[in-house]
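Listed below are the residues making up each chain.
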Amino acid sequence: MKFFADTAEIADIKELAATGLLDGVTTNPSLIMKSGRDFMEVTKEICGITDGPVSAEVVALDHAGMMREAEILRKIADNVCIKVPLTIDGLKTCKALTGEGTMVNVTLCFSANQALLAAKAGATFISPFVGRHDDNGFDGMELIGDIRLIYDNYDFRTEILVASVRHGLHVLQSARIGADVMTAPPAVIKALFKHVLTDKGIEGFLADWAKTGQAI
Ligand code: G3P
């Protein structure tokens, strides 16, 4: 499963990229707002840190406007992936852009039928929001399972990009189901490395090593 960082914070992206485990980045208008950076500038900088797809979201709601914005965004770098909302105009834009060889991430997906439509529109990635789904009393991971089943039934190439990931259990369940990608805030990714018994084990080994009086 590929790991994308869901952030526009350069320091965090650099730190994760240095581990060699970062496969891409996703941003959205809220994350750009939080970063306080210029959208074009920060997107260009992120595209220079990772070779993987970097999702940049359009804000127009009509097809012509989305195409105009995508035209500007895809010139930033070859690894820019245009993010469009799951609406009729968004999917029309998805079809047009992927037809021209541009990567498209269809976002704000909350049903398996929406994911089916995105795959039919040729989406590179579909982003079901599991955390927000859970928040609203639905089972986010059940949605991922349904999409996996449907995509496998018809051999759709669209990658399932689990979004709105809130904790390690979402990551584990995504991997069990066979999602292609998950995108999570840097803090959630960093927490995956941690285990209390790992820390305790290191502490014990180092204490015993000190007693040997040796050095490597
Ligand atoms: O980038 C889209 C998605 O991951 C947003 O997550 O935490 O705002 O629901 P969240």
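Before any of the text, the structure's been laid out above.
**Concerning the overall build of the protein chain**
At step 1: Across its full length, the protein chain carries 11 helices and 8 strands.
At step 2: By principal-axis analysis of the C-alpha atoms, the protein chain measures approximately 70 × 40 × 30 Å.
At step 3: Across the protein chain, contacts joining residues at least 24 apart in sequence account for 58% of those joining residues at least 6 apart.
At step 4: Here the protein chain displays about 11,200 Å² of accessible surface, and carbon together with sulfur accounts for 57% of that area.
At step 5: With 21 positive and 28 negative side-chain charges, the protein chain shows a spacing of 1 Å between the two charge centroids.

**So, the nonpolar core**
At step 1: Counting 54 residues, the largest nonpolar core has Val106 and Ile126 as its most contacted members.
At step 2: Ranked by residues supplied to this core, first place goes to helix H8 (residues 140–154) with 6 residues.
At step 3: Leave out the neighbours within four places in its chain, and Val106 touches Val84, Pro85, Leu86, Leu91, Cys94, Ala118, Ala123, Phe125, Ile126 and Ser127.

**A closer look at the pattern of salt bridges**
It is possible for side chains of opposite charge to pair when their charged atoms get near one another.
At step 1: This structure, assessed with the given rule, holds 13 salt bridges.
At step 2: A salt bridge links Arg148 to Asp152, with the shortest nitrogen-to-oxygen separation between them at 3.2 Å. With Arg148 and Asp152 both in helix H8 and 4 residues apart, this pair spans about one turn of that helix.
At step 3: Residues Arg157 and Asp155 are paired through a salt bridge, measuring 2.5 Å at the closest nitrogen-oxygen approach.
At step 4: Residue classification places Arg157 among the exposed positions, given a relative accessible area of 66%.

**A short note on helix H6 (residues 112–120)**
At step 1: Three or more residues of H6 are buried, namely Ala112, Ala115, Ala118 and Ala119. Projected onto a plane normal to the axis of H6, the buried residues spread over an arc of 110° and lie on a single side. The exposed residues of H6 that point more than 90 degrees off its buried face are Asn113 and Lys120.
At step 2: In this structure, the buried residues of H6 make contact with helix H5 (88–99), strand E5 (104–109), strand E6 (125–128) and H8.

**A word on a negative patch on the surface**
At step 1: On the surface, Asp134, Asp139, Glu142 and Asp146 cluster together into a patch of negative charge.
At step 2: Mapped onto the secondary structure, Glu142 falls in helix H8.

**Digging into the site of the ligand**
At step 1: Inspection of the region around the ligand gives Asp6, Asn28, Lys83, Phe129, Arg132, Ala163, Ser164 and Arg166 as its neighbouring residues.
At step 2: Contact between the ligand and Asn28: an oxygen atom at 3.1 Å from a side-chain N or O atom of the residue.
At step 3: Measuring from an oxygen atom of the ligand, one finds a side-chain N or O atom of Arg132 at 2.7 Å.
At step 4: Considering the ligand on its own, with 310 Å² of exposed area, one finds that the protein chains cover 84% of that surface.
At step 5: The residue inventory of the shell around the ligand, partitioned by class, reads 2 nonpolar, 2 polar and 4 charged.

**With respect to the packing of aromatic side chains**
At step 1: What the rule picks out here adds up to 4 aromatic pairs.
At step 2: Between Phe110 and Phe129, the ring centres sit 5.6 Å apart and the planes meet at 65°, which makes this aromatic pair edge-to-face. Placement of Phe110 in the loop between E5 and H6 and of Phe129 in the loop between E6 and helix H7 (130–135) is noted, with a sequence separation of 19 residues between them.
At step 3: A residue is classified by how much of its surface remains accessible, and Phe129, at 8% relative accessible area, is buried.
At step 4: Members of the aromatic cluster, each reached through a chain of ring pairs, are Tyr151, Tyr154 and Phe156.

Thresholds, definitions, all that
Think of each chain on its own: its residues are numbered from 1, step by step along the sequence as written. Thresholds applied to this predicted model are a pLDDT of at least 70 for local features of residues and 80 or more for the giving and counting of side-chain atom pairs; totals over whole chains, interfaces and linings are not thresholded and use all residues. Only hydrogens and water are set aside; all other atoms, that is, all heavy atoms of the structure, feed into the side-chain values. In DSSP terms, a helix is any run of H or I states spanning at least four residues, a strand is any run of E spanning at least two, and both are numbered starting from the N terminus. Note on definitions: a residue-residue contact is assigned when non-hydrogen atoms from the two residues lie within 4.5 Å. Using a 1.4 Å probe, accessible areas were evaluated by the Shrake-Rupley method; residue-level cover was limited to the displayed protein chains. His is not counted, nor are the chain ends; Lys and Arg add positive charge and Asp and Glu add negative charge. A charged residue contributes its charge at one atom only: NZ of Lys, CZ of Arg, CG of Asp or CD of Glu. Definition used in this section: a nonpolar core is a set of buried Ala, Val, Leu, Ile, Met, Phe, Trp, Tyr and Cys residues joined via side-chain atoms within 4.5 Å. Accessible area is worked out with a 1.4 Å probe on protein chains only. A residue is then buried under 20% of its type maximum, exposed over 50%, and partly exposed in between. By definition, a salt bridge exists where a carboxyl oxygen of Asp or Glu is found within 4 Å of a side-chain nitrogen of Lys or Arg. Each direction from the helix axis to a C-beta atom contributes to the arc, which is the arc of those directions. Excluding any residue in a salt bridge, patches collect residues exceeding 30% relative accessible area, merging like charges within 9 Å and nonpolar Val, Leu, Ile, Met, Phe, Trp and Tyr side chains within 5 Å. Proximity is defined per residue: if any heavy atom of the residue lies within 4 Å of a molecule or strand, that residue is considered near it. Here a polar contact is taken to be a pair of N or O atoms separated by no more than 3.5 Å, where protein atoms must pair a possible hydrogen donor with a possible acceptor and residues adjacent in sequence count only if both atoms sit in side chains. Note that Gly is not counted as nonpolar here; it falls among the polar residues with everything else outside the nonpolar set of Ala, Val, Leu, Ile, Met, Phe, Trp, Tyr, Cys and Pro and the charged set of Asp, Glu, Lys and Arg. Two rings from Phe, Tyr or Trp (for Trp, the six-membered ring) form a pair when their centres sit within 6.5 Å of each other. Planes less than 30 degrees apart are called stacked, planes more than 60 degrees apart edge-to-face, and all others tilted.

On their own, these measurements won't tell you what the molecule is for.
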